[in-house]
Amino acid sequence: MRKAYIESFIILLFLSCCPFIVSSCHEEEKEEIPESPFDEEDIQHEQDLNAYLGKSYSCKISQVSVMESSVCVTGESF
């Protein structure tokens, strides 16, 4: 008798929790897609830079100096 009571209690507990489980599984959480901080000009500059960096060049850079208002690149040409 006690076993039947425990089984009934477990079934009742499961059935009372079931709607919460089912509803939480079906809730669609809309993931916010953040807007890109980059505009079309930024994207174009990145594509141009990647194209430039992907090419082979017949030179060797030996030093790069970055100042407040200029960049100096020193190297050799083959």
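Look up a bit, the structure's there.
Read on for an overview of the structure. All figures in this text were calculated on a predicted structure; none of them were measured in a lab.

**Some points on the environment of Gln63**
So, point 1. When you line up the elements, Gln63 lands in strand β1 (residues 59-66).
So, point 2. What makes Gln63 partly exposed here is its relative accessible area of 45%.
So, point 3. Here the alpha-carbon distance between Gln63 and Gly75, two residues twelve residues apart in the chain, equals 6.7 Å.
So, point 4. Excluding anything up to four places from it in sequence, Gln63 contacts Cys72, Val73 and Thr74.
So, point 5. Polar contacts involving the side chain of Gln63 include one to the side chain of Ser65, which spans 3.4 Å.

**Observations concerning the pairing of β1**
So, point 1. Taken together, the seven bridges between β1 and strand β2 (residues 71-77) define a ladder with antiparallel strand orientation. Note that in β2 the partner of Val64 across the bridge is Val73.
So, point 2. What sits between the antiparallel neighbours β1 and β2 is a turn of four residues.

**As for a negative patch on the surface**
So, point 1. Together, Asp39, Glu40, Glu41, Asp42 and Glu46 make up a negatively charged patch on the protein surface.
So, point 2. Within the fold, Glu40 resides in helix α2 (residues 40-53).

Procedures and definitions
- Residues numbered from 1 in each chain as written.
- Predicted model: local features only at pLDDT ≥ 70, side-chain atom pairs only at ≥ 80, totals over all residues.
- Heavy atoms only, no water.
- Helix = DSSP H or I, 4+ residues; strand = E, 2+ residues; numbered from the N terminus.
- Buried < 20%, exposed > 50% of the residue type's maximum accessible area, 1.4 Å probe, protein only.
- Contact = heavy atoms within 4.5 Å.
- Polar contact = N/O pair within 3.5 Å; in protein donor to acceptor, adjacent residues only side chain to side chain.
- Pairing = 2+ DSSP bridges.
- Patch = residues over 30% accessible without salt bridge, like charges linked within 9 Å, V, L, I, M, F, W, Y side chains within 5 Å.
- Areas by Shrake-Rupley, 256 points an atom, 1.4 Å probe, with all protein chains shown as cover.
- Salt bridge = Lys/Arg side-chain N within 4 Å of Asp/Glu carboxyl O.
- Lys, Arg positive; Asp, Glu negative; His and termini not counted.
- Charge placed at Lys NZ, Arg CZ, Asp CG, Glu CD.

In short, the description is geometric, and any link to function would need to be established separately.
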